[in-house]
Each structure stands twice: as structure tokens, then as C-alpha cells.
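# Reading the structure
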Amino acid sequence: MKPVTKNDRLVVHVEDLTHDGAGVAKVDGYPLFIQGALPGEEVQIHVLKTLKSYGFAKLIQIEKQSPFRVTAPCPVFDTCGGCQIQHLSYEGQMNFKQKLVRDAITRIGKLPDVPVHPVKGMDHPWRYRNKSQIPFGQENGRVVAGFYQTRSHNIADTDICIIQTPEADAIMAGLKRKLIDMGIEPYEEQTHRGMLRHVIVRKGRATGEIMVVLVTKKKKFPQREQAVELIKSIVPETASIVQNINPEKTNVIFGDETITLWGKDIIEDRIGDVRFEISARSFYQVNPEQTEVLYGQALEYAGLTGDETVIDAYCGIGTISLFLAQKAKFVMGVEIVPQAIEDAKRNAELNGFTNTLFEAGPAEQVIPRWYKEGRAADVLVVDPPRKGCDEQLLRTILKQQPKRVVYVSCNPATLARDLRILEDGGYRTQEVQPVDMFPQSTHCEAVAWLEFKQ
Ligand code: SAH
């Protein structure tokens, strides 16, 4: 028997917050998810739906408010799916994320004694994103642009997004206003009609350079001169304007073909002293200020003296590898996307590193082969996707036993699972440092440091 039924009204105590930013209250152990409610609050709710093992309720009134509740500053916070916890103060967000990591490490990793430090957050947790991917569309004959609503492809139309750069705001609003005058029809997903699908604005934080990518359905783009002039007039710091063509009926943003319309093909950025070239489609961390903090932490945990050989598994465009190459004897990076490895090699060259090697392929296959070839590592750094490390890679680590492992994670649950496996194989987790890469969202990064015990 479920303890509540649809349309019940009751007052509950909110205990937790989900990954979607919903409050969780339990009625006789039965969890109810309540959008907008915060941990520590007493709230009056209306039960909307009950499933076998959990239900959903609507927040009617807050009876006792969390001391960490604030008014979300964004005008479209309620509809937009971009941020989940703007209604929680930044201090509250830091507490929440530290708890998220600590709970995972305790419950899943069974490591209650491992220190999980307070989150390293930002002084100004706004306007941090260096890349905005803005969908354009139409609604009742009006051009709309902004960000997708939660779990949907409807656009939450807005002229400002306070986690993106002011330049992205200006381009988003300016293009929206002039699009019809220029004769450019925004794309319509249902009917596959129209021209302009997405606008991507990227900024090199250290250089100030701006790149604007116009994703169009067709290559033929008669208004391109006008669009280029408009963008340059809105943001004079624009260094590169490119067109990407995506003719497919798909929700993938980019198509295969990219043409430079004006200026450079790439923009540049720096993390610490390392330079990076960023092209329209390159993967690059979206919060460069905190990336420096995250990589700084990885570097500290790697404890390099200049004599070590390091393997960077899941290396992307080699951002961590090159950061480590400043202090290591030799760094080998492996990544499954060949284009990213091309970027990594180019960036190594751009910075004059001669102590790096990059290879495209699955880390779980390439690393065992490296070991067979006599390329052993003193320190192994992993930065896997949300699903965590491949089992075979974990087995390789346990077999080869590099002295130190630095685990950079974007998902506390899989981090904790993998730490347990490494602990069972003889590693000891020294400490875990969460770093806030995505303020206002529930996403949480953490770096763990492990040592092999003889
Ligand atoms: N370290 C990088 C990127 C981390 S994101 C940075 O900080 O920028 C995780 C990366 O793992 C992605 O680039 C993804 O393409 C890659 N990846 C996913 N599965 C992989 C596998 N089996 N082997 C190697 N790389 C993989």
C-alpha cells in the first residue's frame, strides 16, 4: 500500500535534493519528488502522481523556509532546463555538492573515513560559461531563441542568460531581432523547415576572442554577408564567424561541413600557461576559470617532481595532459575520438611540448598495449565520462599497479563505485576534492587521489 494517493494534500519535511533539483520528502519511507522544494523545508504539497515506489507532488506553500533559499535571479528559471538550483544560495549549493560526494563515497564506496573536502567554488558563480549553444525557432510566427526547457525541445525564449557571456547575450538578442528583416527563417524542428538552427558563441577567456557559429540547414546562405556584418556590429571583438551545415532531421547540433565566413578558423585560449586552439566543433571545458582550479588539483595530487611518466586516460583534446606535461618527464594521452587527438597533437606542438605522445583508441585497449611495449606509468590520471571507468581499464590498473592514481570525475556515483574496486585491489584513497565547474546546476566534479599500498 502506498502511504499517499493522488490529490492528497499534506505537509512534509524535505530531506534531500535530486539531480534534477527537485526536493525529496519521505512519507513512511515512500519518496515524493517536489519541484522547487529545498532540503530542510517544511512544505505543503498536493500529490500529483503515485507510482509503485515513488511519487510526484506539487509545492503549494512553504511552511518553514530553508535559510539557504534565495529568489532565483533568472527570469526564465522556472521553465528553462539549463540551471536547476538558482533558488539555492551559492553557500547552499556548495554544501549540497559536498554532501553529494560524501554520501556517494560513504554509501557506494563504503569509505566513510576518506576526507571529502569542502567544494572549491567560484567567487562570482555567474557568467562563467565560455560556450553557448543557442537553439533558434519560431512560435506563433515569432522568432524565439534561448535554451531548451527541461526534458523537451521547446525553447525557453530569453534575451539574457546569466551564466553565459554578455557577448553571447548580445548576439542571441540582436540576431533574434533582425532575423526576419534579413530574410533568414529560423528552423522549425517538427516540419524540418527554415534555415537557422543553432547559434554557438564561444569565447577565449584569456584572449577575449569570440567565435560565432551559425548552424544552417542548407549550404546556400544568401544572407551571409548581412549576418556577418550584423554580428561584427553587435560584438566588435568577434574574431571568427563560421557556418556549419546540418541538413539532417536530427537533434544533433552540428553537421559535417564547416566553412569560415569571416576572420580566423579558430580562436585561442589559455589555461594557466598552456595555450589551446579551439575550432567550431572542438571539445573544450566550458568553465575555464574553474578548469584551472580542477587541473591544478589534479596536478597537486599527481605530485610530480619531473621524473615521472604519466598516462592521461580519456584525455579529450589533451587539456590535462598538457597541464601535466609542464611538470612531468613524459605524458601519454589516450582518447577515443580521433579528431580530439588531432587537436591534442596540434596543441602540444603549439606550446612546444616534446615530452608528449597521443594516441586515438579505447583507453582499455591502448593502455594494456603500452604496458606490453614497456611504456609504464608512475602516475595514471583518468577523467572518464559519466559512466565511469571501463572495467577492463580498472583491471589493467590493478594488474600494473601504478604508484599513484588521480581520478577526475563528473559523476560521484561512478567515482565511488570505481574507488571501491581500486581499494579492493590494493589502492588507498587519500582524499577527495570536489570542484564546482557548473554553478547553478546540480552537476558536480571531484578529484580523488589514490596511492598503491605494497
Ligand atoms: N580530460 C578531458 C576530457 C574528459 S571527457 C578534459 O578535461 O578536457 C571524457 C572523454 O573520454 C571524452 O573526450 C570521450 O570522448 C572520452 N572517452 C569515452 N570513452 C572512452 C574510452 N573507452 N577510451 C578513451 N576515451 C574515451
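Just so it is clear, the structure is predicted and the values come from calculations on it, not from any experiment.

Calculation rules
- Residues numbered from 1 in each chain as written.
- Predicted model: local features only at pLDDT ≥ 70, side-chain atom pairs only at ≥ 80, totals over all residues.
- Heavy atoms only, no water.
- Domains from an automatic or database assignment.
- Contact = heavy atoms within 4.5 Å.
- Buried area = accessible area lost by both parts, 1.4 Å probe.
- Axes fitted to C-alpha atoms, helices over the stretch in contact; angles between N-to-C directions.
- Helix = DSSP H or I, 4+ residues; strand = E, 2+ residues; numbered from the N terminus.
- Parallel < 35°, antiparallel > 145°, perpendicular 65-115°, else oblique.
- Left-handed = near helix turned anticlockwise from the far one by under 90°.
- Nonpolar A, V, L, I, M, F, W, Y, C, P; charged D, E, K, R; others polar.
- Salt bridge = Lys/Arg side-chain N within 4 Å of Asp/Glu carboxyl O.
- Buried < 20%, exposed > 50% of the residue type's maximum accessible area, 1.4 Å probe, protein only.
- UniProt positions renumbered as here; feature names shortened; annotations may be inferred.
- Polar contact = N/O pair within 3.5 Å; in protein donor to acceptor, adjacent residues only side chain to side chain.
- Core = buried A, V, L, I, M, F, W, Y, C linked by side-chain atoms within 4.5 Å.

## So, the domain arrangement of the protein
When the parts of a complex come together, some accessible area is lost, and that lost area is often used as the size of the interface. With domains assigned, the protein is organised as domain 1 (9-64), domain 2 (95-123 + 287-452) and domain 3 (131-271). Computed over C-alpha atoms only, the centres of domain 2 and domain 3 are separated by 33 Å. Counting residues at the interface gives 8 residues for domain 2, matched by 5 residues for domain 3. For the pairing of domain 2 and domain 3, the buried interface totals around 570 Å² over both sides, and the portion due to carbon and sulfur atoms is 73%. Area buried by domain 2 at its contact with domain 3 is led by Pro288, Glu289 and Glu292, which between them contribute 51% of it.

## Observations regarding the packing of helix α8 (residues 391-400) against helix α9 (residues 412-424)
Where α8 contacts α9, the two axes come as close as 10 Å, and the packing angle between them is 30°. Comparing their axes, α9 and α8 come out roughly parallel. Where α8 crosses over α9, the two elements pack in a sense that is right-handed. Residues Leu394, Ile397 and Leu398 of α8 form the contact with α9, whose own contacting residues are Asp418, Ile421 and Leu422. Here the residues of the contact of α8 with α9 are counted per class, giving 5 nonpolar, no polar and 1 charged.

## Looking at the pattern of salt bridges
Under the defined criterion, the tally for this structure stands at 28 salt bridges. Among the salt bridges present, the one from Arg369 reaches Glu373, with a minimum N-O distance of 2.9 Å. A relative accessible area of 33% means that Arg369 is categorised as partly exposed. According to the relative accessible area criterion, Glu373 is partly exposed, its value standing at 47%. By sharing partners, the salt bridges in this structure join Arg142, Asp157, Asp159, Lys176 and Arg177 into a single network.

## A word on the environment of Gly55
Relative to the helices and strands, Gly55 is located in strand β5 (residues 55-64). With a relative accessible area of 0%, Gly55 lands in the buried category. Contacts of Gly55, omitting those with residues within four sequence positions, involve Tyr30, Pro31, Leu32, Phe33, Lys49 and Thr50.

## Quick notes on the UniProt feature "binding site: S-adenosyl-L-methionine" (unreviewed entry) in the protein
Per the UniProt annotation, the sites labelled "binding site: S-adenosyl-L-methionine" (unreviewed entry) are Gln285, Tyr314, Glu335 and Asp383. Among the secondary structure elements, Tyr314 is positioned in the loop between β15 (309-313) and α5 (319-325). Of the residues examined, Tyr314 reaches a relative accessible area of 18% and is grouped as buried. If we skip the residues at most four places from it in the chain, Tyr314 touches Val334, Glu335, Val382, Asp383, Pro384, Pro385, Gly388, Cys389, Asp390 and Leu393. Structurally, Glu335 can be placed in strand β16 (residues 330-335). Of the residues examined, Glu335 reaches a relative accessible area of 13% and is grouped as buried. Setting aside its immediate chain neighbours within four residues, Glu335 contacts Tyr314, Cys315, Gly316, Ala340, Ile341, Glu359, Ala360 and Gly361. In terms of polar contacts, Glu335 uses its side chain to reach the backbone amide nitrogen of Gly316, at 2.8 Å.

## Overview of the nonpolar core
Counting 60 residues, the largest nonpolar core has Val213, Leu304, Val310, Leu324, Val381 and Val406 as its most contacted members. Of the residues forming this core, the biggest block, 6 residues, is contributed by helix α4 (residues 288-302). In this structure Val310 touches Leu304, Leu324, Ala328, Phe330, Val331, Met332, Ala377, Val379 and Val381, once residues within four positions along its chain are discounted. Core analysis: the second largest hydrophobic core is formed by 36 residues, Val116, Val366, Leu394 and Phe452 among them.

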